[in-house]
Amino acid sequence: MSNPNISLTRFLIEEQREGRINPELRLLIEVVARACKRISIAVGKGALGGVLGDAGENGQASINVQGEAQKKLDVLSNEILLEANAWGGHLAGLASEEMDHSQRIPDKYPRGNYLLMFDPLDGSSNIDVNISVGTIFSVLRCPEGITEPSDEHFLQPGTAQVAAGYCTYGPSTMLVLTVGHGTHAFTLDREVGSFVLTTLGMQIPEETKEFAVNMSNQRFWEAPMQAYVGDLLAGKEGSRGKDFNMRWVASMVADVHRILTRGGIFSYPLDSKCAPKGGKLRLMYEANPMSFLVEQAGGAASTGRQRMLDVQPSGLHMRVPVFLGSKAEVEAAVRYHQAHDQANA
Ligand code: FDP
């Protein structure tokens, strides 16, 4: 499939013919992609759409289950994804960053065999300043025999994902997708209104000289992270023997998209501020789908101490430390954690 004019619809039909997905999963991905197009239109209107700024009424901020102030576009994107996925008959339930608990499909619609989790608009602190934001999603199978799924049925490790992806709303809108056979990128043709395959089989370079981290947290990091970044900053004169460059968009989708495109390491490590919660980023609809995409593109993803996709979730909104991207660099970061833990065992 090297023809650059393959639409997402054709790509998915061909994946179905290859026996890699079934019609239900194909429909599910199409519906998510359609919802992302609607979110892309809302994001693209910016101030003209009246959708910038905080959600809430009478000067009272609206706070989500994570204790974070919601933006109008967070709420709108969540509603678009919920509405689009309710009636198709392919899902048994949904869960979102913006909702305390998972939702079953209403009784008036048929139920399918899949569970969908999403972060409707990641990087929301960047919405009002016209910087790329995105939607992240992860698809799991509903456990056998369960017709009325609740939160516990979503608590499956990342290895159980059957599909994952994100849509980035930047200078162009792109959908990056895996169904477990490589990671592929589609660009939205705005005139035609369809996603077109633009990179088949993304490959993350194994080595890199670029890292992404919020350096302002440095003094709060654990010792192994201090040592790791200290050696990156020491450059040619240090033990790594090469100079590193830093990039931090502060929208996970945009940072991960750069890494899938040209390599690098993305990290949101444990620090003393987020340690009581287990980390900053959410496992099930941020770290897991991104880790699946990165592994399928030849990269690696870890908590620093465990392969990300092997983590057994303990809650829908569980948080984890994250290291993902170029394989050799993620392995280097993990070695610092191992050395530290062994020395302190
Ligand atoms: P945001 O809080 O703006 O939604 O998911 C959380 C996230 O953004 C990631 O997209 C981003 O990588 C990270 O948090 C940014 O965190 P900092 O503000 O601490 O840099």
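That block above? That's the structure.
Rules behind the numbers
- Residues numbered from 1 in each chain as written.
- Predicted model: local features only at pLDDT ≥ 70, side-chain atom pairs only at ≥ 80, totals over all residues.
- Heavy atoms only, no water.
- Buried < 20%, exposed > 50% of the residue type's maximum accessible area, 1.4 Å probe, protein only.
- Helix = DSSP H or I, 4+ residues; strand = E, 2+ residues; numbered from the N terminus.
- Pairing = 2+ DSSP bridges.
- Contact = heavy atoms within 4.5 Å.
- Axes fitted to C-alpha atoms, helices over the stretch in contact; angles between N-to-C directions.
- Patch = residues over 30% accessible without salt bridge, like charges linked within 9 Å, V, L, I, M, F, W, Y side chains within 5 Å.
- Areas by Shrake-Rupley, 256 points an atom, 1.4 Å probe, with all protein chains shown as cover.
- Salt bridge = Lys/Arg side-chain N within 4 Å of Asp/Glu carboxyl O.
- Lys, Arg positive; Asp, Glu negative; His and termini not counted.
- Charge placed at Lys NZ, Arg CZ, Asp CG, Glu CD.

Asker: How would you sum up the pairing of strand 3 (residues 91–96)? Please name residues and give values.
Answerer: Counting buried positions along strand 3 gives 6 out of 6 residues, so the element sits mostly inside the fold. Note that strand 3 and strand 5 (residues 114–122) share 5 bridges and pair parallel. Following the sheet pairing, S96 is matched in strand 5 by F118. Strand direction decides the pairing type here: strand 3 and strand 4 (residues 103–104), joined by 2 bridges, are antiparallel. Counterpart to L94 in the pairing with strand 4 is Q103. In this antiparallel pair of consecutive strands, strand 3 and strand 4, the connection spans 6 residues.

Asker: If you had to explain the sheet that holds strand 3 to someone new, which residues and values would you point to?
Answerer: Overall, mixed pairing links the 8 strands, which are arranged 4-3-5-6-7-8-9-10 in an open sheet. Each edge of the sheet is formed by a strand with only one pairing partner; in this case those strands are strand 4 and strand 10 (194–199). Bridge count for strand 8 (residues 173–178) against strand 9 (residues 183–189) is 5 bridges, and the pairing is antiparallel. Each residue of the ladder has a partner; that of L177, found in strand 9, is H184. Most of the contacts of helix 1 (residues 8–17) go to strand 8, to which it runs at about 5°, and overall it touches strand 8, strand 9 and strand 10. Across the sheet, helix 2 (residues 23–45) lies against strand 3, strand 5, strand 6 (133–141), strand 7 (163–169), strand 8, strand 9 and strand 10, angled at about 15° from strand 5, the strand it touches most.

Asker: Which residues make up a positive patch on the surface, and what values go with them?
Answerer: On the surface, a cluster of positive charge is contributed by R219, K273, K277 and K280. Relative to the helices and strands, K280 resides in the loop between strand 13 (265–268) and strand 14 (281–282). Judged by its relative accessible area of 35%, K280 falls in the partly exposed class.

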